[in-house]
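Reading the structure
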Amino acid sequence: ASGRARVVFADSHAAGRRRVIVRAVPPAILLVAAAAAIVLGEHRQPRLLSQWQQQHQQHSPDAVLDAAAGVVGLSGMRGTGAKTDAIAKSDGRVDEQVCNGQPGLGRQEARRWQMAEAENNVCYELNHGSFMGRDVPKGDRNWCWVDLKRRGCHARLGFRMNWEEFNAAAIAGGSANPPEKFEPLLSPDVCDRREFGTTRAWTSQELEMARDWFHTNVNIYVLNLKMNVVRWKIIDARLKELHLAAERVEGVDMREPGAFDDAKKEGLIPSKFDLTLAEDDAWKVGLGGILGRVGCASAHFKAQATAMKASPRKPLAVVFEDDVWPEKDFVTRLWSMVTSELPCDWEAVSLSSKCPYGKCISPHLSRVQPDGNEPADSCHGGVNYGFQGMLYRVDQLEGLQERWKPVVFNESRPHCLDVDVALASISDQAAYYAVPFTQQPGFLSEILQKSSREIVDAADAVAASSNSPTCSAHLGCSGLQGDCCPTASNTRLNCCDVTPETCGDIESGVDFVVQSDWGYSVNQVASPDICWTKCQEVPMCQAWTWIKDAGLGGLFPGQCWLKGGLPTSKEKKDGFVSGTLPKAKAYFSAPPAAGSVQEGAGNACLELVNDIEYMVESPQEQRKFWSVFKDHVETADDCCSMCNAEPTCGSWTFVRDAHLPSGPPGQCWLKGGKPTGSTQKSGIISGLRAGVRSMAMK
């Protein structure tokens, strides 16, 4: 507050206190100073601290910031968004926009929680019998760590909690509490905090610089399976809302005929990889089907290959899976992180990493390390989950793949087929960084819906365990048509094809306003495509709106509104996604063609009366009562035909002149529920649906 900050570093090995006085300290310097104090307290570096004091006490704020970062091994953090130092490429050319100008931490060895054998035995006895439903051998595993992960982070993967909170929850849930303290993410106060993910107030200059930087340096790719058309429309709408263009990269569905061989021909899978052998080993370790894993890994390598072949090729590539929600200031966040926090040795960055393992190096980044508590044959697995959003340095991708692919496609290590786990396992050979998922909202959110990889793996497992043809290959498909049973090879997918035209219009960042007396909401809806599906399932629904966070709390705060009319206007609202049904299914878009009334219903309009409106059940039970209207209907016969074509309609009312601003003045109201009475109104004609004579009023 006084413009003067005093940073005190306590050294337990020294007789007194060492003080550094810095005047008019910006907040960023105080942040690094605090980080330095934390890490220095852990690693005991009084000599380096003394050198830092002597050399930099009188230097500029930028020099102080860089020096502090250097002492603790942090990446440089000079000025948010400041132009980075020039980085020389291998051919001598200079690249100024891909990092912060600092060299990074260098090679990171696997790190293990050291504990007494007796304690490990206690944890083994506590866990091995219930682990994945199998009694597994002790092996070279730290079973207290297995226990903490399973009861802590793995049980709460969707929650933005830090390791301190995960461990406390695990112990409260019955986990052993060994006396040693272990930090999966070293220096957690530097980055493992929710508040570090909050949105900051960017200046207009920062916003402009970020947009220019992004346009010059970054290409976006979205992985999307052919069957998931709705997901593509949703992520595409969100990116358009953020004024971002993306290239769709079709995912690899290993259930399709020839997909595995095609992936080998494209170089996505090594030519010697034996799928049959890998499947056998996967069943032995309890993984079940693996076609989803193989396809997911292939798709990510396909997106990387697309980035390397792009024209124009840009230095950086962002690869999204189709179930992500980039935050509103995604572009500015990425620019700031890359140019002010990301060390220049980097090759890949996970933009949202669950159960992070490694070392915090800056407010938004950790340096991933291999988990030495788990054996190599399980790919050091169980940490650093998350490939929903990845950032790659394109000129490093070819070399990275040379180290990465042989690990992923190793038949004897099926756990490595999880491409995120595999990359984390070689983080001693690859400069891999990650944004902790703890940070809220961070760079992006995951729309919590069924993973495409898990859908395909489940289908693979069902098909493999069944001797008779099943429709398992179609788990996860929407809009199934015709005969959906696969061929004997369980690979027929043509009935699952959904074209964009069958999805209707989908827009992000808007709320559809409709004119209808019918509508209701559904709470805890995880994703927009679930909301779309619910609208498809309800006959009276014509439009829908999904709210990402309706304030409901918990893991699923989303809300879905089903609406009984087409939009008459749109309101801009962040965190909203709205859509309509396809024109072919949007009820009452036009009078049905001749002969379209269902067989047996008849075309007669019964109980036709002038100046009378039928009354129906009160709307206490909204699912049983509904009414919708259509403007510009020319005749009562047209209104009658609409009711006959709509299974939910029990009665109808035609208004001769609804005082519409333009076009034919007639209006048609269709109503569900049992007619219970009538009332006089001039200028209208009412009737019952054909075949509803038995429902007429008594």
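Residues numbered from 1 in each chain as written. Predicted model: local features only at pLDDT ≥ 70, side-chain atom pairs only at ≥ 80, totals over all residues. Heavy atoms only, no water.

For the bond from S311 to P312, the omega torsion is 0 degrees, close enough to zero to count as cis. As for its placement among the helices and strands, P312 is situated in the loop between α12 (291-309) and β8 (316-321). Of note, the amide linkage connecting Q440 to P441 takes the cis form, showing an omega dihedral of 0 degrees. Its place among the elements puts P441 in the loop between β14 (432-436) and β15 (444-446). One non-glycine residue, S187, lies in the positive phi region at around 50 degrees. Position of S187 relative to the elements: it lies in the loop between β5 (185-186) and α7 (188-191). With relative accessibility at 1%, the residue S187 sits in the buried group. Non-glycine residue N384 carries a positive phi angle of around 55 degrees. When you line up the elements, N384 lands in the loop between β12 (365-368) and β13 (389-393). (Helix = DSSP H or I, 4+ residues; strand = E, 2+ residues; numbered from the N terminus. Buried < 20%, exposed > 50% of the residue type's maximum accessible area, 1.4 Å probe, protein only.)

Moving on, we get to the pairing of β14. Here β14 lies mainly inside the structure; five of its five residues are buried. The side-chain alternation of β14 yields two buried faces, one formed by Y432, A434 and P436 and the other by Y433 and V435. Relative to β14, strand β10 (residues 348-353) runs parallel, the two being bridged by four bridges. Among the inter-strand pairings, S353 is bridged to a residue of β14, identified as P436. (Pairing = 2+ DSSP bridges.)

Taken as a whole, the second largest pocket encloses approximately 580 Å³ of empty space. A breakdown of the residues in the lining of the second largest pocket according to their chemical character gives 13 nonpolar, six polar and five charged. (1 Å grid on protein atoms, 1.4 Å probe; cavity = no way out; pocket = protein on both sides within 12 Å on 5 of 7 lines; lining within 4 Å. Points joined across faces, edges and corners; volume = space filled by probe spheres on them. Nonpolar A, V, L, I, M, F, W, Y, C, P; charged D, E, K, R; others polar.)

Take the state of the cysteines next. Evaluated as defined, the whole model comprises nine disulfides. For C191, the disulfide goes to C360, at an S-S distance of 1.9 Å. Taking the sign of the S-S torsion, about -70 degrees here, the bridge from C191 to C360 comes out left-handed. Of this pair, C191 sits in helix α7 while C360 is found in strand β11 (residues 358-362), placing the two residues 169 residues apart along the sequence. Taken as a pair, C191 and C360 share a single burial class, namely buried. (Disulfide = S-S within 2.5 Å.)

Helix length check: helix α8 (residues 204-217), at 14 residues, gives a terminal C-alpha distance of 20 Å against a target of 20 Å (1.5 Å per residue), a fit within 8%. If you check which residues of α8 are buried, you get E206, A210, W213, F214 and N217. Take α8 and look down its axis: the buried residues cluster within an arc of 100 degrees, on one side only. Opposite the buried face of α8, at more than 90 degrees from it, the exposed residues are S204, Q205, R211, H215 and T216. Among the structural elements, β6 (218-224), β8 and α13 (330-340) are those in contact with the buried residues of α8. (Expected span 1.5 Å × (residues − 1). Arc of directions from axis to C-beta. Contact = heavy atoms within 4.5 Å.)

Moving on, we come to the confidence of the model for the chain. Averaged over every residue, the pLDDT of the chain is 77; the share at 70 or more is 70%. In the predicted structure, residues 618-624 sits below a pLDDT of 50 and forms nine contacts with residues beyond four places in sequence or in another chain. (pLDDT = per-residue confidence, 0-100.)

Bringing the sheet that holds β14 into the picture now. Sheet architecture is open: nine strands sit in the order β5-β11-β12-β14-β10-β13-β8-β6-β7, paired in mixed fashion. Two strands in the sheet have a free side with no partner beyond their single neighbour: β5 and β7 (247-250).

A few words on the packing of α12 against helix α14 (residues 397-408). Contact geometry of α12 with α14 gives a least axis separation of 12 Å together with a crossing angle of 170 degrees. The pairing of α12 with α14 is recorded here as roughly antiparallel in orientation. In this structure, α12 crosses over α14, and the sense of that crossing is left-handed. Residues A297, F301, Q304, A305 and M308 of α12 form the contact with α14, whose participating residues are L397, E398, Q401, W404, K405 and V408. Within the contact of α12 with α14, the residues separate by chemical class into seven nonpolar, two polar and two charged. (Axes fitted to C-alpha atoms, helices over the stretch in contact; angles between N-to-C directions. Parallel < 35°, antiparallel > 145°, perpendicular 65-115°, else oblique. Left-handed = near helix turned anticlockwise from the far one by under 90°.)

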